[in-house]
Amino acid sequence: MTTLLTTQDVALITQTLGLPEVFKRMVGYIEADYLRWNEFEKSARVASHTEDGVIELMPIADASLYSFKYVNGHPKNTRLGLPTVMAVGLLAEVATGRPELVSELTLTTAIRTAATSVMVARKLARKNAKSMALIGNGAQSEFQALAFHYLLGISEIRLFDIDPAATAKLTRHLQGLPGLTLRVCASTHEAVRGADIITTVTADKTNATIISPEMIEAGMHINGVGGDCPGKTEMHRGVLEAAKVFVEFEPQSRIEGDLQQMPADFAVTEFWRVLKGQASGRDNAEQITFFDSVGFALEDFSALRLLRDCARELGLGQDVSLIPNMADPKNLFGQLGLALAAPKLQAA
């Protein structure tokens, strides 16, 4: 049997364990898998692009488990009452190919993206960071805000979105949270001025310049989340030139991230090397650091493992027969249960 987890199951996991605990566990699972980076068979995701958006498959495997995520990115979807990003994922045994888990990943992707941001910021942001500018206040924004508040101690978040309704939605969800101050700003410039961390989570599929060099101050850490497919950027290239740049999987980031603007020999560091102690993170308090976060399949592998383990712990999920259960594995046709009529004999 295969375990099926729905959006309701993931919501129950979060309600039962609490969002801070889910974030904590997610960071732990992702970091543990990053630390064994070389054990994975990795590739850039397979993408199908149209004028309206992109549909992607994100596969990865180690010696025991294989996973993939199906995910889209269609910024116009909100006009149709659909999320911009929708995702499902599968976790399977490498030894047999048996699907072990099929799960929603729309909610989970938002959680794992925010967890990845925090995992990286722990190494790259200044140790005394307390304020964050959050540019783009749509579907991902609450997750980023809460992850940084719960796990990194961010106490002030400056908000800006070109859609005031998005900022009002985020404020409605987070206002009154103890220890967190929200400040609604009139522009990106106002929001980022003096911030310790800048997080950009915009959705439009365009080569935008959300952050430009004159906005950047010494010691800032920039978490660029929205530039995640060809033709979609958030940073002026001068921001990357001024920063020490970190990526997830370099071959993918050069195609999809803000890094796509830069020459092939532009120096970047894959973040797993920082965790392993093979490369330095932030070198000094004045340095500008930039994480080009496009989302990588390893993070979804970790997320699916976490969902599987939480579902077992809490007794959640439904066993479904995606694969025939056969007494004779060679008798696949018999699973149809057909009673075929005997052929008619032709007259001589």
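The structure we're discussing is the one just above.
Residues numbered from 1 in each chain as written. Predicted model: local features only at pLDDT ≥ 70, side-chain atom pairs only at ≥ 80, totals over all residues. Heavy atoms only, no water.

A. Focus on the environment of Ile 157. You can see Ile 157 is positioned in strand β8 (residues 156-160). With 24 residues separating them in the primary sequence, Ile 157 and Thr 181 have C-alpha atoms 6.3 Å apart. Excluding anything up to four places from it in sequence, Ile 157 contacts Met 132, Leu 134, Ala 145, Leu 180, Thr 181, Leu 182 and Arg 183. (Helix = DSSP H or I, 4+ residues; strand = E, 2+ residues; numbered from the N terminus. Contact = heavy atoms within 4.5 Å.)

B. Focus on the side chain of Ser 67. With respect to the helices and strands, Ser 67 occurs in strand β4 (residues 65-73). Among all residues touching Ser 67, those that are not within four sequence positions of it are Met 58, Pro 59, Ile 60, Leu 90, Leu 91, Phe 301 and Leu 304.

C. Layout of the layout of surface pockets. Of the voids in this model, the second largest pocket is the one considered here, and its volume is about 220 Å³. Around the second largest pocket, the lining residues are Met 1, Thr 2, Thr 96, Gly 97, Arg 98, Pro 99, Val 320, Ser 321, Leu 322, Ile 323, Pro 324 and Asn 325. Here the residues of the lining of the second largest pocket are counted per class, giving 6 nonpolar, 5 polar and 1 charged. (1 Å grid on protein atoms, 1.4 Å probe; cavity = no way out; pocket = protein on both sides within 12 Å on 5 of 7 lines; lining within 4 Å. Points joined across faces, edges and corners; volume = space filled by probe spheres on them. Nonpolar A, V, L, I, M, F, W, Y, C, P; charged D, E, K, R; others polar.)

D. Main features of the environment of Ser 67. Here Ser 67 falls in the buried class, since its relative accessible area comes to 1%. Distance in space between the C-alpha atoms of Ser 67 and Glu 100 is 9.9 Å, their sequence separation being 33 residues. (Buried < 20%, exposed > 50% of the residue type's maximum accessible area, 1.4 Å probe, protein only.)

E. Highlighting the packing of aromatic side chains. On inspection of all chains with the given rule, the structure shows 6 aromatic pairs. Both rings, one in Phe 40 and one in Phe 301, keep their centres 5.0 Å apart while their planes meet at 85 degrees; by these two values the pair is edge-to-face. Of the two residues, Phe 40 is situated in the loop between α2 (19-34) and β2 (46-49) and Phe 301 in helix α10 (residues 297-314); the sequence distance between them amounts to 261 residues. Take Phe 40 and Phe 301: they sit in the same class, and that class is buried. Between the aromatic rings of Phe 249 and Phe 296, the centroid separation amounts to 4.9 Å while the plane-to-plane angle is 25 degrees, which identifies the pairing as stacked. (Phe/Tyr/Trp six-rings, centres within 6.5 Å; stacked < 30°, edge-to-face > 60°.)

F. Representation of the sheet that holds strand β14 (residues 244-247) in the model. One open sheet holds the 8 strands; their spatial order is β9-β8-β7-β10-β12-β16-β14-β15, and the pairing between them is parallel. Strands with a single pairing partner mark the edges of an open sheet, and in this sheet they are β9 (181-184) and β15 (269-270). For strand β7 (residues 131-135) and strand β10 (residues 197-200), the ladder comprises 4 bridges, and the chain directions are parallel. Bridge pairing in β10 links Ala 133 to Ile 198. (Pairing = 2+ DSSP bridges.)

G. Examining the sheet that holds strand β3 (residues 54-61) more closely. In space, the 7 strands of this open sheet follow the order β2-β3-β4-β5-β6-β1-β17, with mixed pairing throughout. Among the strands making up the open sheet, the edge pair consists of β2 and β17 (318-320). On average, each strand axis in the sheet is tilted by 15 degrees relative to the strand beside it, whichever way the strands run. Relative to β3, β2 is paired through 4 bridges, and the arrangement is antiparallel. By the bridge assignment, Ser 48 is partnered in β3 with Ile 55. In this fold helix α3 (residues 106-124) packs onto β3, β4, β5 (87-93) and β6 (99-104), with an angle of close to 85 degrees to the strand it touches most, β6. (Axes fitted to C-alpha atoms, helices over the stretch in contact; angles between N-to-C directions.)

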